Structure formats: structure tokens, C-alpha cells
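# Overview (structure and organization)
One-letter residues, chain by chain:
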Amino acid sequence: MSRGPSVVVHRDKQLLADAAAARLVTAIVDAQASRGEADIVLTGGSMGSAILAALGASGARDAVDWRRLNLWWGDERFLPAGDPDRNETQAREALLDTVPLDPARVHAIPGPDGADGADLDAAAARYAGQLAAAAGSGRGVPAFDVVMLGVGPDAHVASLFPEHAALHERERSVVGVRGAPKPPPTRISLTFPALCAARDVWFLVSGADKASAVGLALSGAGEMQAPAAGVHGTRSTTWLLDREAATHVPKQLIRPASP
Ligand SMILES: O=C1O[C@H](COP(=O)(O)O)[C@@H](O)[C@H](O)[C@H]1O
């Protein structure tokens, strides 16, 4: 049973990225040691690239067995492979192209140049099928070790935006998203039930422009208003923040981590 969220505050964005990268190495190594592989869900956005770049710059990257790592994405902008605005492209540039991953374990979300062409819903269903196939045993998604999530200034996570229809989805693990307020408007996202299947959920947030969203999500707002409030790990939910992003967090939740 998951406890309430914990909040860890680092001095600045770089220290947050470095500390999160260290956590990620530990999580991957522990999962690989205990069950032979690790399943990690990556986030896009500014912190998604920052943590991967920090991991790449760390000597601890050599502790990871990259060939036994399964990578998934929490959301994707519906753009063709190689587009600089795709979360996948940014992750590849930040780290993935520089480590010896097994390509069959890197599960990018399809774009309009994929097998389903411009059919957004078919592409979303295809990704749901990949997740279910990897999960086995009739489960919809694998037992993710860690889901990482950036948070937008409107408190969106993955491509789950405030008041959007996708927030009501309780059956499917993946949905097409149209009319997103942040460009591009067409996206594919994991849903609340899929994200909440993770053992550990980490929110990674830096910057003063996110402070209100973080405060809202941690102050009892509903998930329709603040989608970040709707994602919890089965074991833990951790908010990893820099000081600028933490200014509206209820004081009793804060655990400072950096001098
Ligand atoms: O568009 C997206 O935005 C969120 C937040 O990104 P940020 O740059 O404001 O940190 C991100 O988590 C999501 O994956 C991405 O598609």
C-alpha cells in the first residue's frame, strides 16, 4: 500500500538532475539484481532530458546492464521519428544513443510515420498492445519499476492535461490526445491506471514557473484540475524538486536534501 507523497528538495536544477540520475542507477541495478531486468518509464520535457544527460555524465552509468533494460515512455508528441520535438528524439540525444541498449527493449511510442500512419487511435492501441504483450499474465502493463514524470505549469503530467477527456479513461492503458493546450496538439499518453501501476512514481520538477502547479497537486487538488495529483506509485510517490519549484509546497511535507 502506497504511503502519502514524500518531497525532496535540491538546491538547483543541475543538482536535482544529478541526484535523480543517481536514484535511477540504483533503481535499475536493484531491479536487474532481483528479477533480471528493469522496466523504466521515461518522461519528456525539460527534466526528462536533464536526468538522462546527468546519467550519461556520471561514472555510475557503468553500473547499469544496459542490455537488460526495458524503456517505455509516458507520453509522446505525435510527430515522425527523428523530429526534434519528439520525446524519443530528445532522450536519444541526451543518452540513449550513447549506451549499448537492446533495440528490441526500447519501446518508442509510434508517430504518424509508423505502421498505423496518421491514425492516432490505432497507434495508441498498438502501444497498448506492446505493453500488454510485455506484461503477460493478462495484465495491461508491465510492473514498471519506476515511472518518471515531468510536470507542466498547468500541472499536466505525461499528456494528461487539466479537464481533458483522457483523464476519465479507466480501461485503456494508452490513449490518443487531441487538442492539447501545449504544442503539438496531437499526442499519445499513458492513462492514470497505467501510470499508477508503477511501483515507484517520481515527479521531477524544476523552476519557479512550476511552483503553483506543484503546490496545487500537493495541497489536495483533484486530478481534473491538477492531473499530477492523480498519479501514485503502488509502493512510493516521490516529488523531486529544486528550491524554485518547491516554494508553494506545504511546509510539513518538505525534506530538504541539499545544503
Ligand atoms: O509536453 C510535455 O510536457 C511535460 C512537462 O515538460 P516540461 O518541459 O514543462 O518539464 C512532459 O513531462 C511531457 O513528457 C511532455 O510531453
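Residues numbered from 1 in each chain as written. Predicted model: local features only at pLDDT ≥ 70, side-chain atom pairs only at ≥ 80, totals over all residues.

- Naming follows an unreviewed UniProt entry, where the protein chain appears as 6-phosphogluconolactonase of Oryzihumus leptocrescens.
- Entered under Sequence similarities (unreviewed entry) in the UniProt record, the comment concerning the protein chain runs "Belongs to the glucosamine/galactosamine-6-phosphate isomerase family. 6-phosphogluconolactonase subfamily." (UniProt positions renumbered as here; feature names shortened; annotations may be inferred.)

### A look at the UniProt feature "domain: Glucosamine/galactosamine-6-phosphate isomerase" (unreviewed entry) in the protein chain
- According to UniProt, the "domain: Glucosamine/galactosamine-6-phosphate isomerase" (unreviewed entry) feature falls on residues 12-239.
- The distance separating the terminal C-alpha atoms of residues 12-239 is 14 Å; by composition the span is 31% helix and 15% strand. (Helix = DSSP H or I, 4+ residues; strand = E, 2+ residues; numbered from the N terminus.)

### Focus: the environment of L131
- Checked against the element boundaries, L131 lands in helix α4 (residues 120-135).
- Separated by 26 residues in sequence, L131 and V157 place their C-alpha atoms 19 Å apart.
- Apart from the residues lying within four places of it in its own chain, the contact partners of L131 are G140, V141, P142, S173 and V174. (Contact = placed C-beta atoms within 7 Å.)

### Description of the sheet that holds strand β6 (residues 174-177)
- On the basis of which strands lie adjacent, the open sheet formed by 3 strands has the order β4-β7-β6 and antiparallel pairing. Two strands close off the open sheet at either side, each with one partner strand: β4 (75-77) and β6. Direction aside, neighbouring strands of the sheet carry axes that sit 15 degrees apart on average.
- On the sheet, α4 packs against β6 and β7 (187-190) and is oriented at approximately 160 degrees with respect to β6. (Pairing = 2+ DSSP bridges. Axes fitted to C-alpha atoms, helices over the stretch in contact; angles between N-to-C directions.)

### Regarding the sheet that holds strand β10 (residues 254-256)
- Judged by pairing direction, the sheet is parallel, and its 7 strands sit side by side in the order β3-β2-β5-β8-β9-β1-β10 without closing on themselves. The open sheet is flanked by β3 (69-73) and β10, the only strands paired with a single partner. Within this sheet the neighbouring strands show an average axis-to-axis angle of 20 degrees, counted without direction.
- Here strand β5 (residues 146-149) runs beside strand β8 (residues 200-205); their pairing, made up of 4 bridges, is parallel. The residue of β8 that forms the bridge with V146 is D200.
- Contacts from helix α1 (residues 13-35) reach β1 (6-10), β2 (38-42), β3, β5, β8 and β9 (236-242) within the one sheet, and its direction differs from that of β9 by about 155 degrees.

### Quick look at the pairing of β8
- Taken across its 6 residues, β8 has 5 buried, putting it largely inside the fold.
- Direction of pairing for β8 relative to β9: parallel, over a ladder of 6 bridges. From the neighbouring strand, L204 faces β9, where its bridge partner is L240.
- Handedness of the β8-helix α6 (residues 211-217)-β9 crossover: right-handed. (Buried ≥ 20, exposed ≤ 12 C-beta atoms within 10 Å, placed from the backbone. Right-handed = clockwise from strand over helix to strand, strands pointing away.)

### Remarks on helix α3 (residues 87-94)
- When we look at burial in α3, the residues that qualify are N87, E88, T89, Q90 and A91.
- Buried positions along α3 lie against β2, α2 (45-57), β3 and β4.

### Here's the deal with the nonpolar core
- Counting 77 residues, the largest nonpolar core has I51, V214, A228 and L241 as the members making the most contacts within it.
- Element by element, the count of residues in this core is highest for α1, at 7 residues.
- Not counting chain neighbours up to four residues away, the residues in contact with I51 comprise A17, A20, A21, L24 and L204. (Core = buried A, V, L, I, M, F, W, Y, C linked by C-beta atoms within 7 Å.)

### Some remarks on the confidence of the model for the protein chain
- With 99% of its residues at a pLDDT of at least 70, the protein chain reaches an overall mean of 96.
- Interface confidence for the predicted complex, expressed as ipTM, amounts to 0.97; the pTM equals 0.97. (pLDDT = per-residue confidence, 0-100.)

### Some remarks on α2
- For α2, spanning 13 residues, the distance from its first C-alpha to its last is 19 Å, which sits close to the expected 18 Å at 1.5 Å a residue.
- Against the buried residues of α2 lie α1, β2, α3 and β8. (Expected span 1.5 Å × (residues − 1).)

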